[in-house]
Amino acid sequence: MSSPETEPPDGPDDILPAVAPQLRALRRRASLTLEAAARSAGLSPAHLSRLETGQRQPSLPMLLALARTYGTTVSDLLGESVADRDAVVRAADMEPTAAGGWTYWQAGAPGRGMQALRVHVPHGSQGDIVRVHPGEEWLYVLEGRLRLRLGDTTHRLAPGDSAHFDSLTPHRIAALDPGGVELLFVHTLLQSPTATLCLGPTPGESHG
């Protein structure tokens, strides 16, 4: 299986200035060494160090993996305020973020046990990266056609189709149309790093 480190180099649209200091602060708050945090997230210590110093920018799968490792959410990693936790997210407040070729918008309140996103997956992006991690995922196709591989089975999803699966099932996502695919995506995050330790690492695991 591929790891998050084998993804294509980040482009100029992938700049997330708040991520580097947040990653280091959250790792220290979780009392994890660079080596331990990297191992849990399926990264090398050198790669995580580059993320923490801003030399590299993380993709969405990396952000999800690191959020799980630190027992937090992608919103927290991005330095977004969790004080109000409003129940309603207005369209005007959804700022797009580009990472690893994907574009995504926070579609739920930060600081929650589930991460709700609207995601655009361009054609040819990350289609060969297999992901395995604790939790559950639910996705709903808004526009375009999606190829979803779960274990040894391949599914083709059209607009209006959805999928709900255990994230420990090896899975990968790819857009079938040149224009890409638009998804609603909900992921459950393990809020306690201890829960991750109980599950134990999966050799060569990658995240999505």
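Residues numbered from 1 in each chain as written. Predicted model: local features only at pLDDT ≥ 70, side-chain atom pairs only at ≥ 80, totals over all residues. Heavy atoms only, no water.

J.: Would you mind showing me how to read the packing of aromatic side chains here?
T.: Two aromatic rings are characterised by how far apart their centres lie and by the angle between their planes. Enumeration according to the criterion identifies one aromatic pair in this entry. Seen from their ring centres, Trp 138 and Tyr 140 are 6.2 Å apart, and the 20° between their planes marks the pair as stacked. Looking at Arg 118, its charged tip hangs above the ring of Trp 105, at a distance of 4.0 Å from the centre. (Phe/Tyr/Trp six-rings, centres within 6.5 Å; stacked < 30°, edge-to-face > 60°. Lys NZ or Arg CZ within 6 Å of the ring centre and 35° of its normal.)

J.: Sorry if this is basic, but what is going on with the pairing of strand β2 (residues 102–106) here?
T.: If a strand is regular, its side chains alternate between the two faces of the sheet. With four of five residues buried, β2 lies mostly within the body of the structure. The pairing of strand β1 (residues 97–99) with β2 spans three bridges and is classified as antiparallel. Along β2, the bridge assignment pairs Ala 99 with Trp 102. When β2 meets strand β3 (residues 114–121), the two strands line up antiparallel, connected through four bridges. From the neighbouring strand, Tyr 104 faces β3, where its bridge partner is Val 119. (Buried < 20%, exposed > 50% of the residue type's maximum accessible area, 1.4 Å probe, protein only. Helix = DSSP H or I, 4+ residues; strand = E, 2+ residues; numbered from the N terminus. Pairing = 2+ DSSP bridges.)

J.: Sorry if this is basic, but what is going on with the pairing of strand β8 (residues 171–175) here?
T.: For β8, a buried count of four out of five residues is recorded, marking the element as mostly surrounded by other parts of the structure. Note: strand β5 (residues 146–150) against β8, five bridges, orientation antiparallel. Its bridge partner lying in β8, Leu 146 is registered against Ala 175.

J.: Please clarify how the sheet that holds β1 should be interpreted in this entry.
T.: In any sheet, the strands associate via hydrogen bonds between backbone groups, in a parallel or an antiparallel arrangement. Spatial ordering of the open sheet is given by β1-β2-β3-β9-β4-β7, a layout of six strands whose pairing is antiparallel. Sheet topology places β1 and β7 (162–166) at the edges, where each strand pairs with a single neighbour. The sheet shows a mean angle of 25° between the axes of neighbouring strands, taken without regard to direction. Where helix α4 (residues 60–70) meets the sheet, its contacts fall on β1, β2, β3 and β9 (181–188), and the angle it forms with β2 comes to roughly 50°. (Axes fitted to C-alpha atoms, helices over the stretch in contact; angles between N-to-C directions. Contact = heavy atoms within 4.5 Å.)

J.: Could you clarify how one ought to interpret the sheet that holds β5 in this entry?
T.: Read across the open sheet, the three strands follow the order β6-β5-β8; overall the sheet is antiparallel. The open sheet has two edge strands with one neighbour each: β6 (153–157) and β8. Across the sheet, the axes of successive neighbouring strands diverge by a mean angle of 20°, strand direction being ignored. Examined bridge by bridge, β5 and β6 share five bridges and lie antiparallel to one another.

J.: Sorry if this is basic, but what is going on with the pattern of salt bridges here?
T.: Throughout the structure, instances matching the rule amount to four salt bridges. Its salt-bridge partner being Glu 182, residue Arg 118 comes within 3.7 Å of it at the nearest N-O pair. On the criterion of sequence distance, the pair formed by Arg 118 in strand β3 and Glu 182 in strand β9 is long-range, its members being 64 residues apart. Relative accessible area serves as the criterion here: at 17%, Glu 182 is assigned to the buried category. Connected via shared salt-bridge partners are Arg 24, Arg 27 and Glu 52. (Salt bridge = Lys/Arg side-chain N within 4 Å of Asp/Glu carboxyl O.)

J.: Explanation requested: the packing of helix α1 (residues 19–29) against α4 in the structure shown.
T.: Packed helices, taken two at a time, are described by the angle their axes make and the gap between the axes. Where α1 meets α4, the axes come as close as 10 Å, and the angle between the chain directions of the two elements is 25°. What the angle tells us is that α1 and α4 run roughly parallel. For the pair α1 and α4, the crossing hand works out as left-handed. Packed against α1, whose contacting residues are Val 19, Leu 23, Leu 26 and Arg 27, the element α4 presents Leu 63, Leu 66 and Tyr 70 at the interface. Its residues placed into classes, the contact of α1 with α4 shows six nonpolar, no polar and one charged. (Parallel < 35°, antiparallel > 145°, perpendicular 65-115°, else oblique. Left-handed = near helix turned anticlockwise from the far one by under 90°. Nonpolar A, V, L, I, M, F, W, Y, C, P; charged D, E, K, R; others polar.)

J.: For this particular structure, what's the right way to read α1?
T.: Regarding α1, the residues found buried are Val 19, Ala 20, Leu 23, Leu 26 and Arg 27. Mapping the buried residues of α1 onto a view down its axis gives an arc of 140°, with all of them on the same face. Exposed residues pointing more than 90 degrees away from the buried face of α1 are listed as Pro 21, Arg 28 and Arg 29. Elements that come into contact with the buried residues of α1 comprise α2 (34–41), α3 (45–52), α4 and α5 (74–77). Count one or two residues on from α1 and you reach Ser 31, which has phi positive near 60°. (Arc of directions from axis to C-beta.)

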